[in-house]
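Listed here are the chains, written in short residue letters.
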Amino acid sequence: MKIFDSEWKVMEALWDGGELSAGQLAKLLNERVGWNRNTTYTVIKKLIDKGAVARLEPGFVCRALV
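Residues numbered from 1 in each chain as written. Predicted model: local features only at pLDDT ≥ 70, side-chain atom pairs only at ≥ 80, totals over all residues. Heavy atoms only, no water.

Visitor: Just to check I follow, could you spell out the pairing of strand β2 (residues 53-56) for this structure?
Guide: Across a regular strand the side chains alternate sides, sitting on one face of the sheet and then on the other. Across four bridges, β2 lies against strand β3 (residues 61-64) in antiparallel orientation. Looking across to β3, one finds that Ala-54 is bridged to Arg-63. With antiparallel pairing between neighbouring strands as the criterion, β2 and β3 make up a hairpin whose turn holds four residues, including Gly-59 at a positive phi of roughly 95°. (Pairing = 2+ DSSP bridges. Helix = DSSP H or I, 4+ residues; strand = E, 2+ residues; numbered from the N terminus.)

Visitor: How do you make sense of the packing of aromatic side chains when you look at a structure like this?
Guide: Each aromatic ring pair is summarised here by two numbers: the centre-to-centre distance and the angle between the ring planes. Applying the stated criterion to the full structure yields two aromatic pairs. With centroids separated by 5.6 Å and ring planes inclined at 65°, the aromatic side chains of Tyr-41 and Phe-60 adopt a geometry described as edge-to-face. One end of the pair, Tyr-41, is in helix α3 (residues 37-50); the other, Phe-60, is in the loop between β2 and β3, with 19 residues separating them in the sequence. Its relative accessible area of 27% is what places Tyr-41 among the partly exposed residues. Over the face of the ring belonging to Phe-60 we find Arg-55, whose NZ or CZ atom lies 3.7 Å from the ring centre. (Phe/Tyr/Trp six-rings, centres within 6.5 Å; stacked < 30°, edge-to-face > 60°. Buried < 20%, exposed > 50% of the residue type's maximum accessible area, 1.4 Å probe, protein only. Lys NZ or Arg CZ within 6 Å of the ring centre and 35° of its normal.)

The values are spatial; any link to function lies outside them.
Below, the structure written as structure tokens:
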């Protein structure tokens, strides 16, 4: 599985913080790299499609799988 630089930023946030909601990730990545919410959600979706991140309900909570 190829993880791109933008995807690494999400993975590092999850590795550092454990399970985080998509909203928490969006806020964190806005502070770290200046991303808006849509950018963060797009990258999360790509990681879910690759099987690197799991989406848990309720609350769109993300967990790293790798």
